[in-house]
Amino acid sequence: MNSPPPLWIRNFVEGRFVEPDPDRSFPAVDPATGSVIARVHEADRALVDRAVTGARRALDTGWAQTPVRERAALLRRAADRIQERFEEFVAAEVADTGKPVTQARELDVARALTNFRTFADVVAAAGQESFLTELPGGRTALNYAVRKPLGVVAVIVPWNLPLLLLTWKVAPALACGNAVVVKPSEETPATATLLAEVLAEVGLPAGVYNVVHGFGPDSAGQYLVEHPSIDGVTFTGSSATGAHVMKTVAPRVRPVSFELGGKNAALVFDDVDLDEALDGLSRSVFTNTGQVCLCTERVYIQRSIFDDIAAGLAERARALRLGSPLDTETTTGPLISQAHREKVLSYFELAEQSGASIIAGGRVPELGPGLDDGSWIAPTLWTGLTNADRVVREEIFGPVAALIPFDTEAEAIALANDTDYGLAAAVWTNDLRRGHRVAQSMRVGMAWVNTWFLRDLRSPFGGVGLSGIGREGGESSLHFYTEPTNVCVQL
Ligand code: NAD
Ligand code: 6OD
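Chains are numbered independently. Their residues run from 1 in the order of the written sequence. Here every chain gets a letter starting at A, and every ligand a number starting at 1, in the order they are written. Two thresholds apply to this predicted model, a pLDDT of at least 70 for residue-level local features and 80 or more for giving and counting side-chain atom pairs, whereas whole-chain, interface and lining totals are computed over all residues. The side-chain values count all of the structure's non-hydrogen atoms but skip hydrogen atoms and water molecules.

## Details of the site of ligand 1
Thought 1: Near is defined per residue: the residue qualifies when any heavy atom it owns lies within 4 Å of the molecule or strand. Near ligand 1 you find 30 residues, and of these Lys183, Glu186, Thr241, Leu260 and Glu395 are the closest.
Thought 2: Glutamate 186 is positioned such that a nitrogen or oxygen atom in its side chain is 2.7 Å from an oxygen atom of ligand 1.
Thought 3: Between ligand 1 and leucine 260, the relevant distance is 2.6 Å, taken from a nitrogen atom to a main-chain nitrogen or oxygen of the residue.
Thought 4: Residue-level accessible areas treat just the shown protein chains as cover; the underlying method is Shrake-Rupley with a 1.4 Å probe. Burial of ligand 1 by the surrounding chains reaches 91%, relative to a free accessible area of 840 Å². Any pair of N or O atoms that falls within 3.5 Å is considered a polar contact. Within protein, one atom must be able to donate a hydrogen and the other to accept it, and sequence-neighbouring residues count only if both atoms are side-chain atoms.

## Some words on the sheet that holds strand S21 (residues 482-490)
Consider a sheet: its strands pair through backbone hydrogen bonds, and that pairing is either parallel or antiparallel.
Thought 1: Pairing is antiparallel in the open sheet, where 3 strands are placed in the order S6-S7-S21. The two strands at the open ends of the sheet, each matched to only one other strand, are strand S6 (130-134) and S21. If you compare each strand with its neighbour and ignore which way they point, the axes differ by 20° on average.
Thought 2: With 5 bridges joining them, S6 and strand S7 (residues 140-149) adopt antiparallel strand pairing. Bridging from a neighbouring strand, threonine 133 pairs with alanine 141 of S7. Pairing between strands is defined by DSSP: at least two bridges between the two strands are required. Numbering of helices and strands starts at the N terminus; helices are DSSP runs of H or I of at least 4 residues and strands are runs of E of at least 2. The convention used is that axes are lines fitted to C-alpha atoms, helices contributing only their stretch in contact, and that angles between N-to-C directions extend from 0 to 180 degrees.

## Structural notes on unusual backbone geometry
Thought 1: Its identity as a non-glycine residue notwithstanding, asparagine 450 has a phi of 55°, on the positive side.
Thought 2: Counting through the fold element by element, asparagine 450 comes out in the loop between strand S19 (446-449) and strand S20 (468-469).
Thought 3: Unlike most non-glycine residues, phenylalanine 453 shows phi in positive territory, near 60°.
Thought 4: Inspection of the secondary structure assignment puts phenylalanine 453 in the loop between S19 and S20.
Thought 5: Phenylalanine 453 sits in the buried class, given a relative accessible area of 15%. Buried, partly exposed and exposed residues are distinguished by accessible area as a fraction of the type maximum, computed with a 1.4 Å probe on protein chains only: under 20%, between the cut-offs, and over 50%, respectively.

## Examining the environment of valine 233
Thought 1: As for its placement among the helices and strands, valine 233 is situated in strand S11 (residues 232-236).
Thought 2: Judged by relative accessible area, valine 233 falls into the buried class, the value being 0%.
Thought 3: Residues valine 233 and serine 257, 24 residues apart in the sequence, show an inter-C-alpha distance of 6.4 Å.
Thought 4: In contact with valine 233, not counting residues within four places along its chain, are Ala154, Val225, Val245, Val249, Pro255, Val256, Ser257 and Phe480. Note on contacts: a residue pair qualifies if any of its non-hydrogen atoms lie within 4.5 Å across the two residues.

## Looking at the site of ligand 2
Thought 1: Inspection of the region around ligand 2 gives Arg111, Asn160, Leu161, Leu165, Trp168, Glu259, Val292, Cys293, Phe453, Arg455 and Phe461 as its neighbouring residues.
Thought 2: Here arginine 111 contributes a side-chain N or O atom positioned 2.8 Å from an oxygen atom of ligand 2.
Thought 3: Tryptophan 168 has a polar side-chain atom sitting 3.5 Å from a nitrogen atom of ligand 2.
Thought 4: Relative to its unbound accessible surface of 300 Å², ligand 2 loses 99% to contact with the protein.

## Remarks on the environment of leucine 345
Thought 1: Structurally, the position occupied by leucine 345 is in helix H11 (residues 338-353).
Thought 2: The contact partners of leucine 345, leaving out residues within four places of it in the chain, are Val364 and Ile377.

## Details of the domain arrangement of the chain
Thought 1: By convention here, the domain bounds are inherited from an automatic or database domain assignment. With domains assigned, the chain is organised as domain 1 (8-260 + 466-490) and domain 2 (264-456).
Thought 2: One C-alpha centre belongs to domain 1, the other to domain 2, and the line joining them spans 30 Å.
Thought 3: Between domain 1 and domain 2, the contact holds 27 residues from the first and 30 residues from the second.
Thought 4: The term buried area denotes the loss of accessible surface (1.4 Å probe radius) that occurs when two parts are joined, taken as the sum for both partners. For the pair domain 1 and domain 2, the summed buried surface comes to about 2,200 Å²; carbon and sulfur atoms form 60% of the total.
Thought 5: Each reported salt bridge corresponds to a side-chain nitrogen of Lys or Arg within 4 Å of a carboxyl oxygen of Asp or Glu. The interface formed by domain 1 and domain 2 holds 0 salt bridges in total.

## Digging into the packing of aromatic side chains
Thought 1: Between rings of Phe, Tyr and Trp, where Trp is taken as its six-membered ring, a pair exists when centres lie within 6.5 Å; planes separated by under 30 degrees are stacked, by over 60 edge-to-face, and by other angles tilted. Counted according to the given criterion, the structure contains 10 aromatic pairs.
Thought 2: Geometrically, the ring pair formed by tryptophan 159 and phenylalanine 397 is edge-to-face, given 5.4 Å between the ring centres and 70° between the ring planes. Of this pair, tryptophan 159 sits in the loop between strand S8 (152-156) and helix H5 (162-175) while phenylalanine 397 sits in the loop between helix H12 (390-393) and strand S17 (400-406), placing them 238 residues apart in sequence.
Thought 3: The class for tryptophan 159 is buried, based on a relative accessible area of 16%.
Thought 4: Ring plane angle 75° and centroid distance 5.8 Å describe the contact between phenylalanine 235 and phenylalanine 258, whose orientation is recorded as edge-to-face. Residue phenylalanine 235 is located in strand S11, and its partner phenylalanine 258 is located in strand S12 (residues 256-259); the two are separated by 23 residues in the primary sequence. Note on accessibility: phenylalanine 235 and phenylalanine 258 belong to one class, buried.
Thought 5: Three or more aromatic residues link up through ring pairs in this structure, and these residues are Phe119, Trp168 and Phe461.
Thought 6: Counted as over-ring charges are cases with an Arg CZ or a Lys NZ within 6 Å of the ring centre that also lie within 35 degrees of the ring normal. Here the guanidinium or amino end of arginine 455 rests over the ring plane of tryptophan 168, the centre of that ring lying 5.0 Å away.

This is the structure we're talking about:
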């Protein structure tokens with residue numbers, strides 16, 4: 001019997017899907033089941049070149065000059081069209097990542113709509129900087145900055161929140177009149193491809209949005225960042241890859257915006273409402289199976305409530321429901337791949353070697369036929385570790401956290417800031433003054449008080465140290481995706 005032809009995930013270049021080459025392809029795997037769900041056409045250097053060259057042509061033949069109100073209207077139509085095709089996006093994201101369908105609906109795809117609508121509003125409301133300069137003799141000069149698109153922007157994104165993170169960059173880039181060449185993660189190619197259909201349907205000119213599939217080194221990612229016609233790179237991914245990308249673009253002095261890894265701390269003070277803090281902590285450790293750059297992997301707890309918080313968090317970890325992503329009762333999906341699970345498990349071993357006690361999880365769960373070939377892992381909590389241990393210093397990117405006691409506020413701040421990363425922190429306290437004080441003393445890009453991952457997309461997002469370079473969000477995005485020309489007129 002003949003097997004059915006594979007479902008192809010294709011590259012999108014110059015406004016068209018490219019005929020796939022079976023000799024240059026790789027499988028897309030559902031991490032919940034381990035089964036192959038599609039084949040992905042890996043772009044070669046020539047195809048990446050066509051994408052970049054086509055993007056440049058699209059810019060030069062009119063997109064860069066399109067009036068802002070037209071670009072904003074197009075972004076709004078894109079959001080409306082994603083809404084119409086909502087369940088297709090949900091299904092594609094769930095199949096690629098294994099994440100629970102409820103999360104895909106409420107977070108991933110919902111945020112794609114909001115990303116497009118927010119940046120339509122932001123760009124429509126944006127003004128220009130101007131200064132009236134007083135000169136000797138009573139004369140004046142008018143300085144004003146004209147903002148122009150950055151140009152052809154390489155957009156490279158990871159697998160954890162594929163559509164959310166992609167549209168977080170594509171929406172402002174298009175709003176500002178750029179053309180983009182997108183390289184989604186090799187693990188999650190589907191929704192970037194679906195977005196190509198949507199953007200074509202709502203009338204985005206050919207060549208403005210391109211998708212090239214493949215890996216990083218010696219593949220589409222590297223070909224893209226090496227391309228001499230790229231005007232800037234916006235990248236979300238690991239700190240190691242970010243450093244590599246920076247080195248690649250350095251000889252051509254291209255701007256980069258980097259949203260990188262994290263080893264985020266939560267600081268829990270003894271005045272908290274225990275249940276409220278525990279619900280928040282549980283969300284911040286386990287959301288998306290711990291595969292969110294903002295997830296908490298270090299929980300510092302004031303000693304007098306350490307046992308209560310440890311017991312309550314362990315209870316919540318055990319209550320999480322691992323299972324079919326399509327079951328609306330499922331709270332927790334698999335890790336993205338077997339390779340990533342190997343990495344996470346290597347930290348389980350390290351924790352054991354460092355003398356940690358496991359108070360929840362610590363193993364590969366058995367979920368029964370159909371799921372046992374997936375890359376599942378039990379949500380896991382350790383006590384007995386210190387900031388000196390690798391498990392507490394390195395990003396693991398799984399549903400795990402180390403729980404560590406502290407005595408004083410000063411000690412908590414020092415422990416939380418004792419990291420090479422600097423993405424996010426969450427402070428849990430009912431003392432308003434302490435909340436502000438501690439949050440402001442965190443060496444991070446984003447600090448929350450009594451909440452986590454609450455986002456206003458107009459506020460700056462990014463990290464310090466190994467966690468990144470630059471900020472995106474609201475005005476910060478407009479700054480990255482445009483170049484100003486200052487005009488000075490003596491009056
Ligand atoms: P990764 O760095 O391995 O890959 C990210 C992307 O870069 C992928 O598309 C990959 O194919 C591409 N890539 C890899 N090598 C490349 C190269 N040499 N040149 C060009 N492109 C290359 O990261 P990942 O494993 O996909 O994602 C997990 C990491 O992303 C974690 O470290 C996580 O913290 C980080 N992350 C950060 C944020 C943030 O906003 N700060 C958000 C999400 C994820
Ligand atoms: O909420 C966002 O805009 C954002 N960039 C989230 C990043 C999550 C990291 O995994």
